[in-house]
Amino acid sequence: MTQSPENSGRETPVPSAATLEKELEKGWKDHRSGVRPSSVSSITDDDGEGRMVMNFGPQHPATHGTLRSIFTLEGESIVEADVEIGYLHTGFEKLGENMTYQQWVTVSDRMNYLSAINNNVGYSVAVEELLGIEVPPRCAALRVIMCELSRIADHVLCVGLQGMDLGAFSVMLWSFEKRELVYDIIEAVCGARLTTSWTRVGGIMRDVPEFFPDLVYSFLDEFPPIIEEIHGMLLNNKIFVDRVKNVGTVTTEQARSYGLTGPIGRSSGLDVDVRRDRPYLGYENYDFKVPLQTEGDSFSRYMQRMEEIEQSLEIIRQAMATLPKGEVVHDDFKTSLPKKDAVHKDMESLIHHFKLVMLGHGIRPETGKSLYSCTEAPCGELGFFIASDGSDTPYRLRVRPPSLYNYGLFPRLVEGGMISDAVAVLSSFHVIAGELDR
Amino acid sequence: MVVEMSAQHPAYDALPADLQSKIFEVFEHQGQVGMRCNAADQRTLLEHFRLSQNYDFLVDVTAIDHLGKDAPERFEVVYMLRALQSNHSFFRLHVWLDERLASLPSVFDLWDSARWGERETHDMFGIVFDGNPDLRRFLMPEDFPGFPLLKDYPLKGRDERRQFPKVVARGDRMVEEEPDPYPTSIGRQMHTPDYIEEVRRDSKPRE
Amino acid sequence: MGLESLIGGEGFLTTTVNGLVNWGRKNALWPMPFGTACCAIEMMATFSGRYDISRFGAEVVRFSPRQSDLLIVSGRISLKMMPVLQKIYRQMPEPKWVISMGACASCGGVFDTYTLIQGVDQFIPVDVYVPGCPPRPESLLDAVFEIQELVGEDRFDSGKHGS
């Protein structure tokens, strides 16, 4: 921590090591016994004006993950809202400074755990841009297909949970069943259902199996009926519609100022989509619409996600139709791992493999270069800012989490509404705690 | 003032002359442009970019800690700006920040996304953003003694993660005891002097 | 408690009542899902249609600790979350069992960092550990079977679970 000899007239002086040691004693005793100091946690009862401070989370069925909200209530309506996050903070960025570029892929899928492939691809695209390498077209097309499958899984789960939070429990069970179809494909391709770690720098782990087209085409036949089923369950359900229409309205100006991206930004009229505006991995070759809604309430967020599922299916169809043949790993072995059977037979591949994997060697971008690179995750714009110092680990690995900036608007939005509206808004925001806290 | 211009960017070209002199380097890598300035000029430059050049989308705020490296200052605060109207024109503004001062004016009134961006940078590095209405600890507990992303804070921490009591049932009561002295209970043979020394050695920051 | 002092001893009646009580407890475990991260998604998949946990009795997932007896800690537990976990654990009435699901809850997993608890068993007692990152739903079902075996061997008057 900063050891500053003088505090140079600041209001909050930087504490010295000795003071902090003493604070450690006292503060940690309080932390351990659950007493939380300061403003966030002044949980008191009725303060005489008929107001009550209510705690919502971090362990609660309706908070999607470990999110804590503290509402000051007057009856049922929320007068003041505050949120507290950090219940899942794991130090991914600090880990990035201690793991090599190749190793951090495994950490990246634990961020947005509902669509891990999007995180893998986002990170690999960032490292590849920093190094200035291009992946082969087959690899790009496969990455696009798996990303869109993962996006479908995320959106359908979000809609299912939105239904469950508002009482429509069957929708959640049906959407989980359809997610299992996506999991089957992901398992056949990557080996794992959820934490895939599929991409490598310069390519992917390995090529897809021969029955991959059959898998995808049968998925494209079996999946679309669920969209109609979900619409049928929810749109005709007056309770659902009344609970989400005109609830949690986000204006375009708010979306722009708070940095909202993804389905939330697009449902408020802010027309941003990384796939269309700054295409990567060949997205410019696919013809897809970017849906846009203008109302900005929870209902339009629901409709936005359903329309995006349809567009994702369209992209998968086009990508499968034009899937090129060829290699799946970039051919420069200074940055990308050679094929395993070549490593077992060929001396040069063995040396390249050794140099890439052993600590101290590895992938070395140029010293002093840094780059911000973003991709479109299901939650919004997932960005990675990587600064390199010439060694095999990044010097600074910053993750720009879409959920953080999306969630920043939540306290403003629920003030003035009722608690049940807060639940509806939170479920439509689809904040993922793993990505929020990293 | 000598400006190191190894790249072009419309945002720089559209700056008036007095503000152009505050940016002392424009660099680019893989097509993305970065500009450097000092902490004193941060607010004027950002105000200009927001109000006169319509960079209305603050993508992210973060910082880099250059402890021990050959850099002008210890902290480098990075603002990433995008103009949604002008074809998504994007650039980064790198601000050098002195360690002993460690504070910058907040830009929450220009972009609301800076409220939480600055709060997180404060939580991770200890940099104070004057004027931000809500600069509490964010991801770390409120009373956490340290700023995790500083280079002299070790990856495995300073043992804060073991400062909890152990809750066990004794008879018909739940009591709190001291936790086990070794880090994990799996592999109890690891509670040997060698292992303790290894943990202590690994807790130092990486060279 | 009153019943066992009336019956007392190791007789035929006690063992039958013991067996009956254990049979009832193990086939109707009420889980309390303490899901934080990726393991929570696999836990939700276990509770859903394809890997149905309600086949084995653990159907009533009520998110209130006061009404449950099986705490499934799934996901990584950070510094801020540990007091919350202990509070939830203390709120559960006896008898209770704990499954530590996944590598992060069992031993810190992939993340050996400043903010993650390297195994919740340092601070709350754990009965069954499930390895995996995340464990497949079948592994979680296997853990439930192990808990059911543990429950089956219990003596309801042993004082172990505070009865």
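Residues numbered from 1 in each chain as written. Chains lettered and ligands numbered in written order. Predicted model: local features only at pLDDT ≥ 70, side-chain atom pairs only at ≥ 80, totals over all residues. Heavy atoms only, no water.

Draft legend 1. How the structure looks around the overall build of chain B. Within chain B, the secondary structure is distributed over 5 helices and 10 strands. Per-residue burial over chain B gives 56% buried out of 207 residues. Counting every atom, chain B has about 9000 Å² of accessible surface; 47% of that belongs to carbon and sulfur. (Helix = DSSP H or I, 4+ residues; strand = E, 2+ residues; numbered from the N terminus. Buried < 20%, exposed > 50% of the residue type's maximum accessible area, 1.4 Å probe, protein only. Areas by Shrake-Rupley, 256 points an atom, 1.4 Å probe, with all protein chains shown as cover.)

Draft legend 2. Representation of the layout of surface pockets in the model. Of the pockets and cavities examined, the largest pocket occupies roughly 950 Å³. Lining the largest pocket are 37 residues, and of these Pro61(A), Met164(A), Met172(A), Met44(C) and Phe63(C) lie nearest its centre. Among the elements of the structure, helix H5 (137–165) and helix H6 (169–190) of chain A together with strand S1 (31–35) and helix H3 (38–47) of chain C are those that each provide at least two residues to the lining of the largest pocket. Examining the composition of the lining of the largest pocket, we find that 5 residues originate from one element, H3(C), more than from any other. Inspection of the lining of the largest pocket shows a minimum of three residues originating in each of domain 1 (5–84) and domain 2 (92–437) of chain A. (1 Å grid on protein atoms, 1.4 Å probe; cavity = no way out; pocket = protein on both sides within 12 Å on 5 of 7 lines; lining within 4 Å. Points joined across faces, edges and corners; volume = space filled by probe spheres on them. Domains from an automatic or database assignment.)

Draft legend 3. Seen up close, the domain arrangement of chain A. Residues and elements named next belong to chain A. You can read the domains of chain A as domain 1 (5–84) and domain 2 (92–437). Between domain 1 and domain 2, the residue contacts involve 20 residues of the former and 21 residues of the latter. Across the domain 1 to domain 2 interface the summed buried area is about 1600 Å²; carbon plus sulfur atoms make up 67%. Interface area lost by domain 1 to domain 2 is led by His 64, Leu 67 and Ile 78, which between them contribute 39%. Where domain 1 meets domain 2, there are 0 salt bridges. For the side of domain 1 that touches domain 2, the elements supplying multiple residues, two or more each, are strand S1 (51–56), strand S2 (68–74) and strand S3 (77–84). Looking at the side of domain 1 that touches domain 2 residue by residue, the classes come out as 11 nonpolar, 6 polar and 3 charged. (Contact = heavy atoms within 4.5 Å. Buried area = accessible area lost by both parts, 1.4 Å probe. Salt bridge = Lys/Arg side-chain N within 4 Å of Asp/Glu carboxyl O. Nonpolar A, V, L, I, M, F, W, Y, C, P; charged D, E, K, R; others polar.)

Draft legend 4. Region of the structure containing the interface of chain B and chain A. Of the residues lining the interface, 63 residues belong to chain B; the matching set on chain A comes to 68 residues. Both faces combined, the contact of chain B with chain A buries some 5800 Å², and carbon together with sulfur accounts for 56% of it. Scanning the region where chain B abuts chain A turns up 8 salt bridges. The partner of Glu381(A) in a salt bridge is Arg82(B), with the nearest N and O atoms 2.8 Å apart. Where chain B packs against chain A, one counts 21 residue pairs in polar contact (both at pLDDT 80 or more). Counting only elements with at least two residues in the side of chain B that touches chain A, the list comes to strand S4 (57–65), strand S5 (75–83), strand S6 (89–97) and helix H4 (113–125) of chain B. It is S4(B) that provides the largest number of residues to the side of chain B that touches chain A, a total of 8 residues. Counted by class, the side of chain B that touches chain A contains 33 nonpolar, 11 polar and 19 charged residues. (Polar contact = N/O pair within 3.5 Å; in protein donor to acceptor, adjacent residues only side chain to side chain.)

Draft legend 5. Focus on the packing of aromatic side chains. Taken as a whole and assessed by the stated rule, the structure comprises 24 aromatic pairs over all chains. One aromatic cluster in this structure is built from Tyr407(A), Phe410(A), Phe429(A), Trp116(B) and Phe138(B). If you follow Lys96(C) out to its NZ or CZ, it ends over the ring of Tyr89(C), 4.1 Å from the centre. (Phe/Tyr/Trp six-rings, centres within 6.5 Å; stacked < 30°, edge-to-face > 60°. Lys NZ or Arg CZ within 6 Å of the ring centre and 35° of its normal.)

Draft legend 6. The environment of Phe164(B), seen in detail. All names here are of chain B. Position of Phe 164 relative to the elements: it lies in the loop between strand S8 (128–130) and strand S9 (166–170). Given the relative accessible area of 1%, Phe 164 is considered buried. Separated by 12 residues in the primary sequence, Phe 164 and Glu 176 place their C-alpha atoms 9.4 Å from one another.

Draft legend 7. Main features of the interface of chain C and chain B. The interface of chain C with chain B comprises 26 residues on the first partner and 31 residues on the second. Here chain C packs against chain B, burying approximately 2300 Å² in sum over the two surfaces, 60% of which is carbon and sulfur. The interface formed by chain C and chain B includes 2 salt bridges. A salt bridge links Arg161(B) to Asp112(C), with the shortest nitrogen-to-oxygen separation between them at 2.9 Å. At the boundary of chain C with chain B, the tally comes to 8 residue pairs in polar contact (both at pLDDT 80 or more). Mapped by element, the contributors of at least two residues to the side of chain C that touches chain B are helix H4 (81–91) and helix H5 (102–107) of chain C. Within the side of chain C that touches chain B, the residues separate by chemical class into 12 nonpolar, 8 polar and 6 charged.

Draft legend 8. Geometry of a negative patch on the surface. Side chains of Asp142(C), Glu146(C), Glu149(C) and Glu153(C) sit close together on the surface and give a patch of like negative charge. Among the secondary structure elements, Glu149(C) is positioned in helix H6 (residues 137–153). (Patch = residues over 30% accessible without salt bridge, like charges linked within 9 Å, V, L, I, M, F, W, Y side chains within 5 Å. Lys, Arg positive; Asp, Glu negative; His and termini not counted. Charge placed at Lys NZ, Arg CZ, Asp CG, Glu CD.)

Draft legend 9. Here's a closer look at the nonpolar core. In terms of nonpolar packing, the biggest core is built from 189 residues, with Tyr113(A), Phe212(A), Phe219(A), Tyr407(A), Tyr79(B), Leu71(C) and Val73(C) touching the most fellow members. For this core, the leading source of residues is H5(A), giving 15 residues. Looking at which domains feed residues into this core, each of domain 1 (5–84) and domain 2 (92–437) of chain A gives three or more. The residues contacting Phe219(A), other than those within four sequence positions of it, are Leu149(A), Ile152(A), Leu181(A), Val182(A), Ile185(A), Pro224(A) and Leu313(A). With 27 residues, the next largest nonpolar core counts Leu95(A), Ile133(A), Leu356(A) and Leu116(C) among its residues. (Core = buried A, V, L, I, M, F, W, Y, C linked by side-chain atoms within 4.5 Å.)

Draft legend 10. Region of the structure containing the environment of Glu47(B). Assignment of secondary structure puts Glu47(B) in helix H3 (residues 42–51). For the pair formed by Glu47(B) and Leu110(B), sequence separation is 63 residues and the distance between their alpha carbons is 7.2 Å.

Draft legend 11. Expanded view of helix H4 (residues 116–131) of chain A. All names here are of chain A. For H4, with 16 residues, the first-to-last C-alpha span of 23 Å sits near the 22 Å given by 1.5 Å per residue. For H4, the tally of buried residues reaches 14 of 16 residues, placing the bulk of the element in the interior. In the segment just after H4, Gly 132 is the residue with positive phi, at about 80°. (Expected span 1.5 Å × (residues − 1).)

Draft legend 12. The sheet that holds S1(A), seen in detail. All names here are of chain A. Strand order in the open sheet made by the 3 strands is S1-S2-S3, with antiparallel pairing throughout. In this open sheet, the two strands that pair with only one neighbour each are S1 and S3. The average undirected angle you get between the axes of adjacent strands in this sheet is 20°. With 7 bridges joining them, S2 and S3 adopt antiparallel strand pairing. (Pairing = 2+ DSSP bridges. Axes fitted to C-alpha atoms, helices over the stretch in contact; angles between N-to-C directions.)

Draft legend 13. Just the pairing of strand S8 (residues 396–400) of chain A, in detail. Residue and element names in this part refer to chain A. Of all 5 residues that make up S8, 5 are buried, and the element is covered over most of its length. Side-chain alternation along S8 places Arg 396, Arg 398 and Arg 400 on one buried face and Leu 397 and Val 399 on a second face that is also buried. Relative to S8, strand S7 (residues 380–387) runs antiparallel, the two sharing 5 bridges. Residue pairing for S8: Gly 383 is matched across the bridge by Arg 400.

Draft legend 14. Structural detail: helix H13 (residues 298–321) of chain A. Counted at 1.5 Å a residue, the expected span for H13(A) with its 24 residues is 34 Å, and the 35 Å between its end C-alpha atoms agrees. Within H13(A), 19 of the 24 residues are buried, leaving the element largely enclosed by the surrounding structure.

Draft legend 15. Focus on the confidence of the model for chain A. All names here are of chain A. Counting all residues, the mean pLDDT for chain A is 85, and 88% of those residues have values of 70 or more. Below pLDDT 50 for its whole length, residues 1–12 participates in 27 contacts with residues either more than four positions away or in separate chains. Across residues 33–46 the pLDDT falls below 50, and counting only partners more than four positions away or on other chains, this stretch makes 26 contacts in the model. (pLDDT = per-residue confidence, 0-100.)

Draft legend 16. Representation of the sheet that holds strand S6 (residues 370–377) of chain A. Residues and elements named next belong to chain A. Ordered by their spatial adjacency, 3 strands build an open sheet running S6-S7-S8, and the pairing between neighbours is antiparallel. Every other strand in the sheet has two partners, leaving S6 and S8 as the edge strands with one partner each. Each strand of the sheet is rotated relative to its neighbour by a mean of 15°, with strand direction disregarded.

Draft legend 17. Highlighting the packing of H6(A) against helix H7 (residues 212–222) of chain A. Residues and elements named next belong to chain A. For the pair H6 and H7, interaxial distance at closest approach is 10 Å and the crossing angle is 170°. Between H6 and H7, the angle is such that the two are roughly antiparallel. Two secondary-structure elements touch here, H6 through Lys 178, Leu 181, Val 182, Ile 185, Ala 188 and Val 189 and H7 through Phe 212, Leu 215, Val 216, Phe 219 and Glu 222. (Parallel < 35°, antiparallel > 145°, perpendicular 65-115°, else oblique.)

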